[in-house]
Amino acid sequence: MQPARLVAYEVLRAVSDSDAYANLVLPPAIAEAGLDAQDAALATELTYGTLRRRGTYDAVIAAAADRSTSSIDPAVLDALRLAVHQLLATRVASHAAVNESVNLVATRAGRGAASFANAVLRRVARESPGQWMERIEAEARSDDERLALRAAHPVWVIRALRRAMAAEGRVDELDALLEADNASPEVTLVALPGLAQPGEPRRPFAPTAFASPGGDPRRPVAESAGTVRVQDEGSQLVALALAAAAPIRAGERWLDLCAGPGGKTALLAAIAREHEVTLEANEVVPTRARLVRKALRAVPGDVTVHERDGRELARENPGGFDRILVDAPCTGLGALRRRPEARWRKTPADVAELVPLQVDLLSAALDALAPGGVVAYVTCSPHLAETTGVVREVLRDRADVVELDARRVVRDVSRSPIDLADDGRAATGSAQLWPHRHGTDAMFLALLQRTDDTEG
C-alpha cells in the first residue's frame, strides 16, 4: 500500500481503537514514515477527509454491503471508509483505491474479509458520488437526517448549531457553517507580543495573528524558539479581549484556570510580562500541565503552573485575582474543522455532563476575583447550553457581578471591522465567533466583572 494511504489508515485505526485525536497522532506518524511534502499532504487529506465524512461513508458502506456497519470488523470498516473517501471525493484512480484497500484488508483480516471488501468497493465504484447521495438520502426519515447525510454532521449537532444560529437571527447561515466545518482550515500563527513580530500575510482581526508562509508552520515556529506558535485566530482574540477588558495596572495578578495545552497561557504571559503583571496557570491533567510548561518556555519570567482541580484552587483564593481566564472543558463543537472525529465521538450526554462542571468553574472563578476584576468565560463550542446558558445560570443568583459588552471589547481589539451578531442587549452581551463568518473556530466569549462588595 502507498505509504501515505498506510499512514492515513493507521491514524484512522488509532482514532477508532484508542479515542486518539488525529491532529495529535498524524504528525508523528508522518515523521516516522519519512513522508515527503507531497505524500504528507496526501496522508493529511485522506485522514481528515475520511474522518469528516465518516457518517456519510458509513451509510454508503451499509447500502453497498447490505448490512449495518456495526456488524463489520472495525479494522475492515476503517479500510472501507478510507477507500470510499478515495472513490467518492478524490481523484485517486478507482482501481488503485480498490486494489490497495483489498490488499490491506487481506493483510489485516484475512482472505475472507478481503473478498468481502472487494465486493463492497466494486459496488461503490459502479455509481457516481451524486448517485450515492441520492440513494442514501432517499432512506432518510426526516429533513434533518437528509441534511446530516449531506453535510456529514450528526443530527443532534446540526440541531444544536441551528439553535445557536437562530439565537443570532441568522439561521439562514447554517448551510454555510456546515460547509465551513468540512473545509480544511488554514494554518494561523501567533506572534507573542513583545517577543516576536507578526509576519505576512496578516490575519484580519487579531493583531498578533498571521498566516503561515506556504502553509507549513514548522520553519517559522522553529526559527522563533517558541515565540511564534500555531494558534487559531479566535483563540488569540478571546485572550486578547481579557487583557483589553479593563486598563491594566502594574502588579495585577492573573490566573489561567483551565490552561492546557497552553496556547492562551503563553499569549497572556507575554502580555503580562509587558505590564509587570503576575500570571499563574492551572491544569488538572498532568500531561496537559506539561504542555503548558512547554508553551511557557519561550516567555521570560516565572509562571507557576498548578496541577489542581480548578474549582478548589479558585475557592482557596477568594478575591485573589484581577483577571481570570476560564477556558472551560467543553464538547469542542466549535473546532470540528480541526478535530473532525469529535462530531462522531460526542453525544448530547456529554453536554449534560459538562454543563455542571462549567457552572462550577465559572462560579468559583468569580469568587476568586478582586472587586473590579474580570473573568473571561470561554468555550470552543457554540452550543447554547455551554455558552449563554451557563452564563445565565451563574448570574441568576449573583448581585455582585455584571456582564460587560464582550462584542465591544472584541471590536476594539480587532484590526479591522468584525461582524459580531447583536443578541438585542444594548449594553451587555457575549461574542460568538464562527468558522464561516470569521475563518476562526467557533469560540464563545463572555466577560464578567466583579463589582465592589459595598455595591453588591
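The following refers to the structure shown. As the structure is a prediction and not an experimental result, all values here were calculated from the model. (Residues numbered from 1 in each chain as written. Predicted model: local features only at pLDDT ≥ 70, side-chain atom pairs only at ≥ 80, totals over all residues. Heavy atoms only, no water.)

## Observations regarding the nonpolar core
Right, on to step 1. One finds Leu 80, Val 84 and Val 124 to be the most contacted residues of the largest nonpolar core, which totals 51 residues.
Right, on to step 2. Elements supplying a minimum of two residues to this core: helix H1 (3-18), helix H2 (22-33), helix H3 (37-52), helix H4 (54-65), helix H5 (74-89), helix H6 (94-109), helix H7 (111-125) and helix H8 (129-138).
Right, on to step 3. For this core, the element with the highest residue contribution is H5, accounting for 10 residues.
Right, on to step 4. Of all hydrophobic cores here, the second largest spans 50 residues; its members include Ala 243, Leu 267, Val 277 and Ala 281. (Core = buried A, V, L, I, M, F, W, Y, C linked by side-chain atoms within 4.5 Å. Buried < 20%, exposed > 50% of the residue type's maximum accessible area, 1.4 Å probe, protein only. Helix = DSSP H or I, 4+ residues; strand = E, 2+ residues; numbered from the N terminus.)

## Topic: the pairing of strand E7 (residues 321-327)
Right, on to step 1. Within E7, seven of the seven residues are buried, leaving the element largely enclosed by the surrounding structure.
Right, on to step 2. Pairing between strand E4 (residues 253-256) and E7: three bridges, direction parallel. Pairing of Leu 255 across the sheet is with Ile 324, part of E7.
Right, on to step 3. When E7 meets strand E8 (residues 369-379), the two strands line up parallel, connected through six bridges. Bridge assignment links Asp 327 to a residue of E8, and that residue is Val 378. (Pairing = 2+ DSSP bridges.)

## A few points about the pattern of salt bridges
Right, on to step 1. On inspection of all chains with the given rule, the structure shows 39 salt bridges.
Right, on to step 2. A salt bridge links Arg 293 to Glu 307; the nearest nitrogen and oxygen atoms lie 3.0 Å apart. Taken together, the residues Arg 293 in helix H15 (residues 286-296) and Glu 307 in the loop between strand E6 (304-306) and helix H16 (310-315) connect sequence positions 14 residues apart.
Right, on to step 3. Salt bridges here are not isolated pairs; linked through shared partners, they connect Arg 13, Asp 17, Asp 58, Asp 78 and Arg 81. (Salt bridge = Lys/Arg side-chain N within 4 Å of Asp/Glu carboxyl O.)

## A look at the environment of Leu 174
Right, on to step 1. By the element assignment, Leu 174 lies in helix H11 (residues 174-181).
Right, on to step 2. With residues up to four places along the chain from it excluded, the contact list for Leu 174 reads Leu 147, Ile 158, Leu 161, Arg 162 and Met 165. (Contact = heavy atoms within 4.5 Å.)

## Looking at the packing of aromatic side chains
Two measures describe an aromatic ring pair: the distance that separates the ring centres and the angle between the ring planes.
Right, on to step 1. Counted by the stated rule, this structure contains one aromatic pair.
Right, on to step 2. Ring centres of Tyr 377 and Phe 444 lie 6.2 Å apart, and the angle between their planes is 70°; this geometry places the pair in the edge-to-face category. Of this pair, Tyr 377 sits in strand E8 while Phe 444 sits in strand E11 (residues 444-450), and the two are 67 residues apart along the sequence. Neither Tyr 377 nor Phe 444 differs from the other in exposure class; each is buried.
Right, on to step 3. Taking the ring centre of Tyr 21 as reference, the NZ or CZ of Arg 339 above it sits at 4.2 Å.
Right, on to step 4. One residue, Arg 345, lies across the ring of Tyr 21, its end atom 5.0 Å from the ring centre. (Phe/Tyr/Trp six-rings, centres within 6.5 Å; stacked < 30°, edge-to-face > 60°. Lys NZ or Arg CZ within 6 Å of the ring centre and 35° of its normal.)

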